Amino acid sequence: MSSELLSLLWTSLLETLEMVGISGVIGAVFGIPLGVALHITGPQGVRPQRWFNVAAGLVVNAVRSTPFIILLVAVIPFTRYIVGSSIGTAAAVVPLAIAAIPFVARLVENALREVDPGLVETAQAMGATQFQIIVKVLLPESFPGILAGLTVTFVSLVGYSAMAGAIGGGGLGDLGIRYGYQRFLPEVMALVVLVLIVFVQLVQSAGDRLVLKISHQRRSSQESL
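Quick look at the structure, then.

The rules we used
- Residues numbered from 1 in each chain as written.
- Predicted model: local features only at pLDDT ≥ 70, side-chain atom pairs only at ≥ 80, totals over all residues.
- Heavy atoms only, no water.
- 1 Å grid on protein atoms, 1.4 Å probe; cavity = no way out; pocket = protein on both sides within 12 Å on 5 of 7 lines; lining within 4 Å.
- Points joined across faces, edges and corners; volume = space filled by probe spheres on them.
- Helix = DSSP H or I, 4+ residues; strand = E, 2+ residues; numbered from the N terminus.
- Nonpolar A, V, L, I, M, F, W, Y, C, P; charged D, E, K, R; others polar.
- Polar contact = N/O pair within 3.5 Å; in protein donor to acceptor, adjacent residues only side chain to side chain.
- Salt bridge = Lys/Arg side-chain N within 4 Å of Asp/Glu carboxyl O.
- Buried < 20%, exposed > 50% of the residue type's maximum accessible area, 1.4 Å probe, protein only.

A word on the layout of surface pockets
Approximately 240 Å³ is the volume found for the largest pocket. Around the largest pocket, the lining residues are His-39, Gln-44, Gly-45, Val-46, Leu-112, Arg-113, Val-115, Pro-117, Val-120, Glu-121, Gln-124 and Leu-138. Contributions of two or more residues to the lining of the largest pocket are made by helix H5 (89–113) and helix H6 (117–125). By residue class, the composition of the lining of the largest pocket is 6 nonpolar, 4 polar and 2 charged.

Written out as structure tokens, the structure is:
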């Protein structure tokens, strides 16, 4: 393989890292609060608000049920408004972030549901405010689950970023399509797939180790009390 293609592979990998990193952070920043809001406003939450819960749930479900390749095309006008273009790495971040936010929200909501209701009831009996329950009970207890959900999100975004290459989004997906498919270079396609597999494995392994470490630390601290 020529040095030019190796240089393109390195550049495409950096573009993929940029897309996944930025969209993942945006997804976490907006998705975690949304997931908390969905949980606490639910029927079993500390502040039930049916109208908000139903409305927010419908929006989240609508975005999550839309295939990403369709979402890419559907938000092109919004993407152009935000970044001034519908192609390139910066443009791909917009639909990736839009897809990540509801994905994170549902995973956070599910993680919060796993918290023992008895802990919340105990905090309420001790006079804790709703904010204190969220910050000192729900989030700390569900943190390993939230972190595991964020790991799944980043792994999913790697696949989504490859799809973004179909419309000129840059990254490894774009390299695979332009050189591996359109120029009939199967070795390029194989290398792109290999790099994506290794990348996903590294992200998943790092996330799993971090979750295991935090869970172990929490168990140790609880046993010492």
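Considerations on empty space enclosed by the protein
Scanning the entire structure with this criterion turns up 3 cavities of 30 Å³ or more. Looking at the largest cavity, its volume works out to about 60 Å³. Those elements giving two or more residues to the lining of the largest cavity turn out to be helix H4 (76–83) and H5. Ranked by residues supplied to the lining of the largest cavity, first place goes to H5 with 3 residues. When grouped by side-chain class, the residues that make up the lining of the largest cavity number 8 nonpolar, 4 polar and no charged.

Some words on H6
For H6, the side-chain oxygen to backbone nitrogen distance between the N-cap and Gly-118 is 3.0 Å, and the N-cap itself is Asp-116. At the exit of H6 stands Gly-127, carrying a positive phi of roughly 85°.

Examining the pattern of salt bridges
For the structure shown, the criterion picks out 3 salt bridges. Close ionic contact of Glu-109 with Arg-106 constitutes a salt bridge, the shortest N to O distance being 2.6 Å. One end of the pair is Glu-109 and the other is Arg-106, both in helix H5 and 3 residues apart, which spans about a single turn. According to the relative accessible area criterion, Glu-109 is buried, its value standing at 5%. In this structure Arg-106 comes out as buried when scored by relative accessible area, which is 14%. Across the pair Glu-109 and Arg-113 runs a salt bridge, and its minimum N-O distance is 3.0 Å. In this pair, Glu-109 and Arg-113 are both assigned in helix H5, 4 residues apart and thus about one turn of the helix distant. Each of Arg-106, Glu-109 and Arg-113 takes part in one network of salt bridges that share partners.

Structural measurements only, silent on function.
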